[in-house]
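Given next are the chains, with one letter for each unit.
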Amino acid sequence: MTKMVHSECEDKFPSSFGNYQPWLIQLHGRKKGKQEFMNPYNNCTEERKIPQLEGKLCLGCFGEWLLLADESTKETFFLHLTLNPKYTVHLPSLCEESFEFLGSCIVSASPTSHACMVIFVGRRNNNILYCRPHIDTSWTKVSIPIGEEPHNFTGQAVRCKGMIYALHGCVTLAVRVVVINELSLLMGHPTWTIIEVPVVINGCYWRHLVVSGKDIFLVSVAISFYRGNPVYYSIHLLETSDQSWKRVKSISGRVFFLGGIHSSALSATQAGTQHDCIYVVNIKYGLLPGEGIYRICIQDQTIRLSLLLNRPKDIIWYKLCWVMPTKPLKNKLRTLRLSHSINTNKHYSTYFVHNNNRKEERCKIDISRPWADMPIELVELLLERLYLVDSLHLPCVCKAWKSLSNPTEKANKYPWLMFTAHDSCMWRLFDPVYEKEYSIDMKWLGFSEDLTFHYSKDGWVLASKEEKSLFLINPLTRECVGLPDFKGTWIHKKFAFSSAPTSPDCVVIIAERIAELGVEISTWSPSEEQWSSMEFYNDFGRCVPCNPVFIHGEFYWYRIGGELVVFNPYKKVPHVLKMKAPIEMVLYRRKVMECRLVDSGGDLITVFRGRTTDPIRIFKLDRLNMAWSELHDMGGVTIFLDRRTTLATSCLEKLCHNNQIYLSGFSDSHCKSSPFYSLKTTEYQPKNCSDINEPKNCIWIEPSLTTNRSNVPRKDTKPKPVSHK
């Protein structure tokens, strides 16, 4: 949870505020007397009551200058944070304007300069509002007639080299950047050009423009419709020579701070944090609950909650503002651990023991007897105690043990977290129980830059590499099955398949809403050369964004009203079970919870998870009474939760990992480990949610070395442990 600090010096700014590290501030205007100062580095929020900020709203921050507005009088002025007494520069009053729709604020020069020009790019009616504090006595409003309704400026804008770059389109889908000449704006005859925004195929994005020096970046962040957390991102750099966007894999040692209406960039030295990171303020769509500030690490492709807000319903995203330092840190940067060592068990013949006098004595144990003397029956019993990688190494101990038939079949197999490495052909596999990481070289598949995992089952993963390139792959056996080209993109689609593609009963399904009450269901099986598509109406289309699950020969997924949609892939007819979900499923509610369906040994289980610290609730479908019953004990079952695929296994009961729900990610506070929620204690481990990193492109997979055919050369099929220096 966030640490709330109440200082005795409530009338003063936090000690490091406005001088060194970035802070996020929230001014509540007339609603609340105190202000909140949020530190994204230490998960700390400080409440202060500063007279100069009472009753004010923050409209922007420029170095150590805050642009403030009095909510009662509409008076606006600049306030310098570090000068004592506080220095102010007054602006004309905003009597006729709504603060909510002012949008992003741009300042052309220091507020003390006579060349300073303050510009607001509004969020409705394509209006631009500007004034020169030392010259003008009123604001000037200019309308830019671009496009048709409902397209307007989104409120995101930046300034670079005398040009204003403003995003234009819908709130979550900006389709163009309007480039306005600042001088023409002053002349009363604005001129502009349009640059199309690059298409990103993985969903609807909140887009941010960021200026760093002479470079202009476009950062697109996909936000989960349920918890509001970032799930995907892409970065483009504007090539000013031909006004085109180029996708980049790095931001060259910078750190980006993305806000609701204003975004900034610093060098890692100035920011005092790891380079190539992006801090994102959680955006609230409509009534969705926000959670806090997320940190995206480009280097290791992870997303983590950096600051959890205690009262997200009181936080209004367009009133949050980043305060940036104007000089580098004087203190040394914190040492950040980027990798961890993996401990291996070493066996020695010499041991040190303690006697009653607490003195060490050296003793030797005779291990000269060869392993081949052990009866093969006892060795086979050992297999039931081993996990997958050790079972692969077991036949290499001696020649006699090479006679073991299929040693991996009896080994404990449970889901691993698979994710891709940044700018590499390596795929990573993380064992959540033994906390070991392995890598698989996938050079034959190419770089994983545009690779996206959609669904997994029986050791196979449904993935896409380009807009129409969809395929099934077993990463351990190197088997790969290409699927026919699919029309359209992967936006808002639900994916699933019934079994491994080596099975004749395999069916791949893609469901997509095509109208307010309709759904298009496309199916493919290995015996078919094309997708078979069917359209169904009668209120089938309003579905929860959750992948289906295949159980008892049918696919199941939720409608938005809480009923279950059941689709038989062989009869190709869907129907609805008139049975409400155990928890309200309406999307536009304050208490929205993401839901996942999972097959647990033939039982249909549904998992509900709310905010990061909320307890996870699990329900089981009673098919006899057609009702949901809540489970407080899963009876030896362990669940692996992810927005793409949720899996369940009972093989971890002997290892005392039952009644746990593993989350997709890992903690690196001390050594890399997998976070989980315990049904027994109703607590998360680790308790500090800011220690959890979630890879951008990850999925739970059941490791399988069973092979029936080989479409791709199988080289280096055994996963190799990751070597860390």
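Numbering of residues starts from 1 in each chain and follows the order in which that chain's sequence is written. Local features in a predicted model are, by the rule used here, given only for residues with pLDDT of at least 70; side-chain atom pairs are given and counted only at 80 or more, and totals for whole chains, interfaces and linings are based on all residues. As a rule here, side-chain values come from all non-hydrogen atoms in the structure, and water together with hydrogens is ignored.

Considerations on the side chain of Arg295
Working step 1: What counts as a helix is a DSSP run of H or I of at least four residues, what counts as a strand is a run of E of at least two, and both are numbered from the N terminus. Turning to its location among the elements, Arg295 is positioned in strand β24 (residues 292-297).
Working step 2: Throughout this description, buried means an accessible area under 20% of the type-specific maximum (1.4 Å probe, protein chains only), exposed means over 50%, and partly exposed covers the range between. As used throughout, the charge tally considers Lys and Arg to be positive and Asp and Glu to be negative, leaving His and the chain termini uncounted. What makes a salt bridge here is a side-chain nitrogen of Lys or Arg within 4 Å of a carboxyl oxygen of Asp or Glu, nothing more. This buried residue, Arg295, is left without a salt bridge; Asp300 holds the nearest opposite charge, at 5.5 Å.
Working step 3: For this analysis, residues touch if any pair of their heavy atoms sits within 4.5 Å. With near-sequence residues (within four places) excluded, Arg295 lies in contact with Gln274, Cys277, Ile278, Tyr279, Thr302, Ile303, Arg304, Ser306 and Asn693.

Some points on the pattern of salt bridges
Oppositely charged side chains can pair when the atoms bearing their charge come close.
Working step 1: Taken as a whole and assessed by the stated rule, the structure comprises 14 salt bridges.
Working step 2: Measuring nitrogen to oxygen at the nearest pair gives 2.6 Å for the salt bridge that ties Arg48 to Glu46. Grouping residues by exposure puts Arg48 and Glu46 together as buried.
Working step 3: Residues Asp642 and Arg644 are paired through a salt bridge, measuring 3.7 Å at the closest nitrogen-oxygen approach. Across this residue pair, the class does not change: Asp642 and Arg644 are buried.
Working step 4: When salt bridges that share partners are traced, they join Arg559, Glu563 and Lys580 into one network.

As for unusual backbone geometry
Working step 1: Cis geometry marks the peptide bond from Gln685 to Pro686; its omega dihedral reads 0°.
Working step 2: One can find Pro686 in the loop between β53 (683-685) and β54 (692-695).
Working step 3: Positive phi is not limited to glycine here, since Asp276 has a value of about 55°.
Working step 4: Looking at the element boundaries, Asp276 is found in the loop between α2 (268-271) and β23 (277-281).
Working step 5: On the basis of relative accessible area, Asp276 is assigned to the buried category, the value being 8%.
Working step 6: In the Ramachandran plot, Met626 falls in the positive-phi region, its phi being about 50° despite a non-glycine side chain.
Working step 7: By secondary structure assignment, the location of Met626 is in the loop between β46 (617-622) and β47 (627-631).

Some words on the packing of aromatic side chains
Working step 1: Aromatic pairing here means that ring centres of Phe, Tyr or Trp (its six-membered ring) are within 6.5 Å. Orientation follows from the plane angle: under 30 degrees is stacked, over 60 is edge-to-face, and everything else is tilted. In this structure the tally under the stated criterion is 21 aromatic pairs.
Working step 2: Ring geometry for Tyr455 versus Phe497: centroids 5.4 Å apart, planes at 75°, classification edge-to-face. You can see Tyr455 sitting in strand β32 (residues 452-457) and its partner Phe497 sitting in strand β36 (residues 493-497), a full 42 residues away along the chain.
Working step 3: For Phe497, a relative accessible area of 0% corresponds to the buried category.
Working step 4: What links up through ring pairs into an aromatic cluster is the set Tyr41, Phe257, Tyr279 and Trp322.
Working step 5: In this structure, Lys696 is placed above the aromatic ring of Tyr232, and the distance from its NZ or CZ to the ring centre is 4.8 Å. A positively charged side chain is recorded as over a ring if its NZ (Lys) or CZ (Arg) lies within 6 Å of the ring centre. The angle to the ring normal must also be within 35 degrees.

Topic: the confidence of the model for the chain
Working step 1: The pLDDT score gives, residue by residue, the confidence of the prediction method on a 0 to 100 scale. In the predicted model, the chain carries a mean pLDDT of 77, and the fraction of residues at 70 or more is 79%.
Working step 2: The secondary-structure element of the chain with the lowest mean pLDDT is strand β27 (residues 350-354), recorded at 41, while strand β40 (residues 549-551) shows the highest, at 94.
Working step 3: Taken together, the stretch residues 587-591 has pLDDT below 50 and engages in 13 contacts with residues farther than four places along the chain or on a different chain.
Working step 4: When the criterion is pLDDT under 50, residues 710-725 qualifies, and its contacts beyond four places in sequence or with other chains add up to 35 contacts.

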